[in-house]
Amino acid sequence: MGSLFNLCGQAHRLCSQLTSSARPRRACRRRPEAVSMLRRETAAEHLRRIGLDWPRLLAPGDAPLAAQAAVALQGCPWPAQHDPDPWPALRHWLRHALLRMPASDWLAAWQAGSAEWLDTWAQRHDHWLAQLLRRAQGADAFAPLKPEAALRPHGHPPSLHMLGATLAHKPAFALRPLWHGASAHTGPWSRLGNAAEDAPLKPWALLGTRIAELLRLALEGGDTCLDWGALATGPRRGLAWVEMARGLLVHQVEVDAGAQRVLACRVVAPTEWNFHPQGEVAQRLARLDPELPEGTLTRRVNLLVAAFDPCVPFAIDRLRACARPALPEASHA
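Being a predicted model, the structure only gives us computed values, none of them experimental.

Trainee: Looking at this model, I keep getting lost on the nonpolar core. Mind explaining?
Mentor: Where a protein is soluble and globular, its nonpolar side chains tend to be buried together. Counting residues in hydrophobic clusters, the biggest one holds 81 residues, and the most contacted among them are W54 and W106. Every residue in contact with W54, bar those within four places of it in the chain, is listed here: R49, A59, L129, L132, L133, L207, R210, I211 and A306. Residues L160, F173, A174 and W241 belong to the second largest nonpolar core, which totals 15 residues.

Below, the structure is given as structure tokens:
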């Protein structure tokens, strides 16, 4: 599974393995090596998106800014799996190359002020990341997300059983999932551990949730900020979930009576929620004025992708408006 899904492959591998522990009377243990693997992969994914995707999406065509980000990323001590303790070096890099202040202080200010702090910090500094955030804020003409639409079924066992039943009986649900008949959004802002911090954030402020989670992962205790688990949703069905870099990942596997053969494997990744045809991104795209200048439209679309899921490749096609039929001349009678 980790080879098949090469975006966050370790998270997919862990989620797939957890489905086998989702049997009655079998505990789902949090193995230290799995904790370390998920922590490192998630931190590395956040670093990639911030250093590689944000310059491309939030400042398209600005080669000097992209070069600054690339130089900073090249000096980053990557949290590789073979390094026994990469976190002190990463905290040092975060302080000097990304934040210009201690990670713990930045995170405390974010927890107290979220979007207000992100704005204050971006206005206070002038290096590449602060410039990107200011540009993102300038492009944000969207409505805030509704906190109640944050996807958290994994915090309520009955909700997980309902999700498992829906996946088993409606296979197409995995491609176009809805929660309680409505769209839902998922990402670093919708973690179980962050529920008390819910605020109606605009898309540009979602970028701050990715920075904040990177800091949580790098600080002491970072191995506890991501949740996962599994449960049996039928006699031979196991459902597992993992909080991965892009949001909530769900796998459900059904095996035959001898547990020798997989009968069904259904995966619901964060992209299916956030880029649902009636989902959060689609709703905001539908409200964009088609007469916007090309540059303005591009910046707004790019911001949505950077905020919700920068891993997804996309292109912008502007369709010509249909010609209106000529109206009959008014009668003078």
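There's plenty left to go through after this.
Trainee: Sorry if this is basic, but what is going on with the side chain of R237 here?
Mentor: Checked against the element boundaries, R237 lands in strand β2 (residues 237–244). For the buried R237, which has no salt bridge, the nearest side chain bearing the opposite charge is E254, at an N-O separation of 4.5 Å.

Trainee: Teacher, can you tell me more about the packing of helix α2 (residues 32–58) against helix α7 (residues 128–139) here?
Mentor: The description of two packed helices rests on the angle between their axes and on the distance between the axes. The geometry of α2 relative to α7 is characterised by a closest axis approach of 10 Å and an angle of 45° between their N-to-C directions. Classified by the angle between their axes, α2 and α7 sit oblique to one another. Our pair here, α2 against α7, has a crossing hand that is left-handed. Within the contact between the two elements, α2 uses I50, G51, W54, P55 and L58 and α7 uses W128, L129, L132, L133, R135 and A136.

Trainee: Sorry if this is basic, but what is going on with the packing of aromatic side chains here?
Mentor: For any pair of aromatic rings, the description consists of the separation of the ring centres together with the inter-plane angle of the planes. Throughout the structure, instances matching the rule amount to five aromatic pairs. Ring geometry for F173 versus W273: centroids 6.2 Å apart, planes at 80°, classification edge-to-face. Of this pair, F173 sits in the loop between α8 (157–169) and α9 (203–218) while W273 sits in helix α10 (residues 270–274), and the two are 100 residues apart along the sequence. By the burial criterion, F173 is buried, and W273 matches it.

Trainee: I tried to follow α8 on my own but got confused; where do I start?
Mentor: In this model, α8 (13 residues) spans 19 Å end to end at C-alpha, consistent with the 18 Å of a helix rising 1.5 Å per residue. Considered for burial, the residues of α8 that qualify are S159, L160, L163, G164, L167 and A168. Along its buried surface, α8 packs onto β1 (228–234), β2, β3 (247–255) and β4 (262–268).

Trainee: Would you mind going over the pattern of salt bridges with me for this structure?
Mentor: Across all of its chains, the model carries 11 salt bridges by this definition. Across the pair R191 and E213 runs a salt bridge whose closest N-O atoms are separated by 2.6 Å. Taken together, the residues R191 in the loop between α8 and α9 and E213 in helix α9 connect sequence positions 22 residues apart. On the accessibility criterion, R191 (2% relative accessible area) is buried. Counted as one network, the salt bridges with shared partners bring together E45, R48, R49, D53 and R56.

Cut-offs and rules
Residues numbered from 1 in each chain as written. Predicted model: local features only at pLDDT ≥ 70, side-chain atom pairs only at ≥ 80, totals over all residues. Heavy atoms only, no water. Core = buried A, V, L, I, M, F, W, Y, C linked by side-chain atoms within 4.5 Å. Buried < 20%, exposed > 50% of the residue type's maximum accessible area, 1.4 Å probe, protein only. Contact = heavy atoms within 4.5 Å. Helix = DSSP H or I, 4+ residues; strand = E, 2+ residues; numbered from the N terminus. Lys, Arg positive; Asp, Glu negative; His and termini not counted. Salt bridge = Lys/Arg side-chain N within 4 Å of Asp/Glu carboxyl O. Axes fitted to C-alpha atoms, helices over the stretch in contact; angles between N-to-C directions. Parallel < 35°, antiparallel > 145°, perpendicular 65-115°, else oblique. Left-handed = near helix turned anticlockwise from the far one by under 90°. Phe/Tyr/Trp six-rings, centres within 6.5 Å; stacked < 30°, edge-to-face > 60°. Expected span 1.5 Å × (residues − 1).

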